[in-house]
Amino acid sequence: MKKRLTRSLPFLLAFTIALPSYSVFAEEENQAKETQTNETNKTQADETTANDTLSLAAETAVLIDAASGEILYDKDADKKMYPASITKLMTILLALENGKLTDEITFSHDAVYNIEPGSAHIAILEGETLTLEQVLRAIILRSANEASNGVAEYVDGSVEAFAKHMTERAKELGCTNTNFVNANGLFDENHYTTAHDMALIARELLKHEEYRSMMSETDYKIPPTNLQTETRYLHGQHQMLNPNSIYYYKDAIGGKTGYTVEAGNTLVTYAERDGLTLIAVVMKCNGAEHYTDTAALFDYGFANYASVKIAAVSDYTSTVPVTETYNKKAVALGKVTIAPSEDVYYTLPKGTDASAVTVKTDIPEGVEGAVKKGQTLGTLQLSYNGKTQTVDLIAQNAVDALTDAQKAELDKSSLSGMVKRVAIGVGIAVIVLLLIFCITRFIGEESSCADKDPAEEEITEDKQKADIRRNKFYGVCFLFLFFIIPKAQGFFPESHEYRRYRCRNSSFSRPAPSLWKVGAAFPF
């Protein structure tokens with residue numbers, strides 16, 4: 001027995017040593033699995049944080065970053081819904097894109113009376129004239145339906161044509177589930193949109209300074225008009241902009257309310273804090289839920305995201321040449337400076353460094369044709385976490401096209417150059433012909449002299465003088481052939497590529513006939 005224990009002892013010792021090691025490896029493997037699981041759970045948690053944190057009453061909702069359009073929160077944001085009066089944001093957008101605030105609108109019978117009885121209006125009269133700014137204020141503050149009809153007729157001549165224009169513009173902005181049949185949002189089963197589509201429309205509208213200057217104001221008055229003797233006092237309906245309301249949100253800067261029985265309460269709101277601008281859209285709410293839901297969306301957005309500066313304007317400023325092709329030749333017009341319109345920012349989760357954003361540039365080496373100030377000539381592509389934001393690079397100055405006078409001068413210069421080249425070519429041809437003539441004559445005379453009798457070789461003084469003159473002429477011909485012609489090659493135009501190559505290679509000379517090389521070698 002003792003002998004068996006002695007034999008088993010080494011195996012027991014080995015097992016005792018190996019067991020803790022196995023436990024350690026197993027523990028490390030379990031830790032690795034737990035770490036991987038935790039990371040997976042964290043990723044899933046990050047994706048669902050908003051949904052877990054926010055409990056919205058709205059049937060659909062979306063929160064986007066106004067700068068990039070990135071969706072920060074989404075609740076069935078692509079579901080078709082009836083928008084009610086938030087439709088009017090598109091009406092305002094088309095008005096600003098197609099008119100001036102000082103333009104006047106005279107209201108037709110259809111514009112005034114083609115609204116539902118009891119719906120929102122400011123009692124505009126048939127034949128009454130208001131400025132576009134006054135009409136837009138009535139839409140923003142009082143959601144006036146006849147004012148929207150007036151804008152439709154002002155822009156496109158009729159509500160029907162304007163509605164098609166609205167739908168087409170929505171598609172241009174990237175809206176995928178939007179169809180408008182009127183300018184005011186009164187119920188029609190074929191009049192629908194989505195929370196995300198409305199956010200895209202609201203984002204585009206924010207680019208207009210005229211709208212930004214009006215959207216935050218809660219009061220406005222329209223003075224007497226051609227048909228109205230009293231002043232109209234307009235007060236805003238958006239309670240998140242009203243300091244006296246229990247739903248006031250101090251960071252809210254604008255928006256639009258909406259309501260019909262079928263749509264319920266709808267709301268689009270802008271808010272701005274620490275350089276970060278957010279757009280919230282909620283649809284199909286009851287009571288004051290549209291205000292409480294919107295506040296919850298903004299609280300979430302500002303708590304979890306920040307606007308981070310990626311680059312200054314000077315970091316991506318460049319100057320490129322501008323040319324215009326005229327008579328198949330590139331003519332320099334000047335230079336244009338290309339840069340972002342302002343410093344570049346990107347909305348990132350709080351705590352994320354700007355270096356996490358990659359920037360790719362698309363800047364042309366040159367521009368063909370006239371340039372307008374503010375024209376987009378390049379882009380910056382900002383990428384983070386698989387999402388991309390595009391920043392336009394615009395012209396900081398204008399470059400005009402060739403004028404008629406400049407074109408006439410170019411035509412004159414081109415004709416002059418062509419005449420010069422033709423003259424030189426003709427001159428060279430004449431000299432070559434004369435040279436050939438002289439050489440052949442010289443050879444003929446030498447041959448004839450070889451056949452003469454010695455007695456006939458006496459030369460008179462007059463003939464000697466003639467020979468001297470002839471020899472001088474020959475000398476001048478050879479002079480042109482070997483010296484003047486090679487030096488005259490500068491009169492001929494050089495291509496841009498040839499001239500650039502010759503400047504880089506000073507030893508390079510233009511290929512020439514072999515006889516020319518003799519004259520070009522002398523420092524004449």
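K.L.:
I tried to follow the sheet that holds strand E1 (residues 60-65) on my own but got confused; where do I start?
P.N.:
Sheet strands pair by backbone hydrogen bonding; their relative direction is either parallel or antiparallel. If you walk across this open sheet you meet the five strands as E2-E1-E9-E8-E7, and the pairing is antiparallel. Of all the strands in the sheet, the pair left with one neighbour each is strand E2 (71-75) and strand E7 (252-260). When strand polarity is set aside, the average angle formed by the axes of neighbouring strands in this sheet is 5°. Alignment of E1 against strand E9 (residues 276-285), held across six bridges, turns out to be antiparallel.

K.L.:
Would you mind going over the pairing of strand E17 (residues 387-395) with me for this structure?
P.N.:
On any regular strand, side chains alternate: one points to one face of the sheet, the next to the other face. Across three bridges, strand E12 (residues 329-340) lies against E17 in antiparallel orientation. Following the sheet pairing, Pro340 is matched in E17 by Leu393. Relative to E17, strand E16 (residues 376-384) runs antiparallel, the two sharing eight bridges. Within E17, the residue paired with Tyr384 across the bridge is Lys387. Taking the residues between adjacent antiparallel strands as the criterion, E16 and E17 are bridged by two residues, where Asn385 takes a positive phi near 55°.

K.L.:
Help me understand the side chain of Thr60 in this model?
P.N.:
Secondary-structure assignment places Thr60 in strand E1. The exposure class of Thr60 is buried, given its relative accessible area of 0%. Not counting the four nearest positions on each side in its chain, Thr60 is found in contact with Lys75, Asp76, Lys79, Met81, Ala195, Val281, Val282 and Met283.

K.L.:
Even after reading the chapter, I still don't get the packing of aromatic side chains, so can you show me in this structure?
P.N.:
Working definition: an aromatic ring pair is given by the centre-to-centre distance plus the angle between the planes. Summed over all chains, the structure comprises seven aromatic pairs. Here the aromatic rings of Tyr249 and Phe298 are separated by 5.6 Å at their centres, their planes lie at 40°, and the arrangement is tilted. In this pair, Tyr249 is assigned in the loop between strand E6 (232-235) and E7 and Phe298 in helix H9 (residues 289-304), connecting sequence segments 49 residues apart. Neither Tyr249 nor Phe298 differs from the other in exposure class; each is buried. Chaining the aromatic ring pairs together yields one cluster made of Tyr249, Phe298 and Phe302.

Calculation notes
- Positions within a chain are numbered from 1, following the residues in the order the chain's sequence is written.
- Confidence filtering applies because this is a predicted model: local features only for residues at pLDDT of at least 70, side-chain atom pairs given and counted only at 80 or more, and all residues used for totals across whole chains, interfaces and linings.
- Values reported for side chains reflect all heavy atoms of the structure, with hydrogen atoms and water molecules removed beforehand.
- Any two strands with at least two DSSP-identified bridges between them are counted as paired.
- Helix numbers and strand numbers start at the N terminus; a helix is a DSSP run of H or I with at least 4 residues, a strand a run of E with at least 2.
- To get an axis, fit a line to the C-alpha atoms, keeping to the stretch in contact for a helix; angles then go from 0 to 180 degrees between the N-to-C directions.
- For each residue, the accessible area found with a 1.4 Å probe, counting protein chains only, is set against the maximum for its type, and the residue is called buried under 20%, exposed over 50%, and partly exposed in between.
- Whether two residues touch is decided by their heavy atoms; if any such pair falls within 4.5 Å, the residues are in contact.
- Two rings from Phe, Tyr or Trp (for Trp, the six-membered ring) form a pair when their centres are within 6.5 Å of each other. A pair whose planes differ by under 30 degrees is stacked, one over 60 is edge-to-face, and the rest are tilted.

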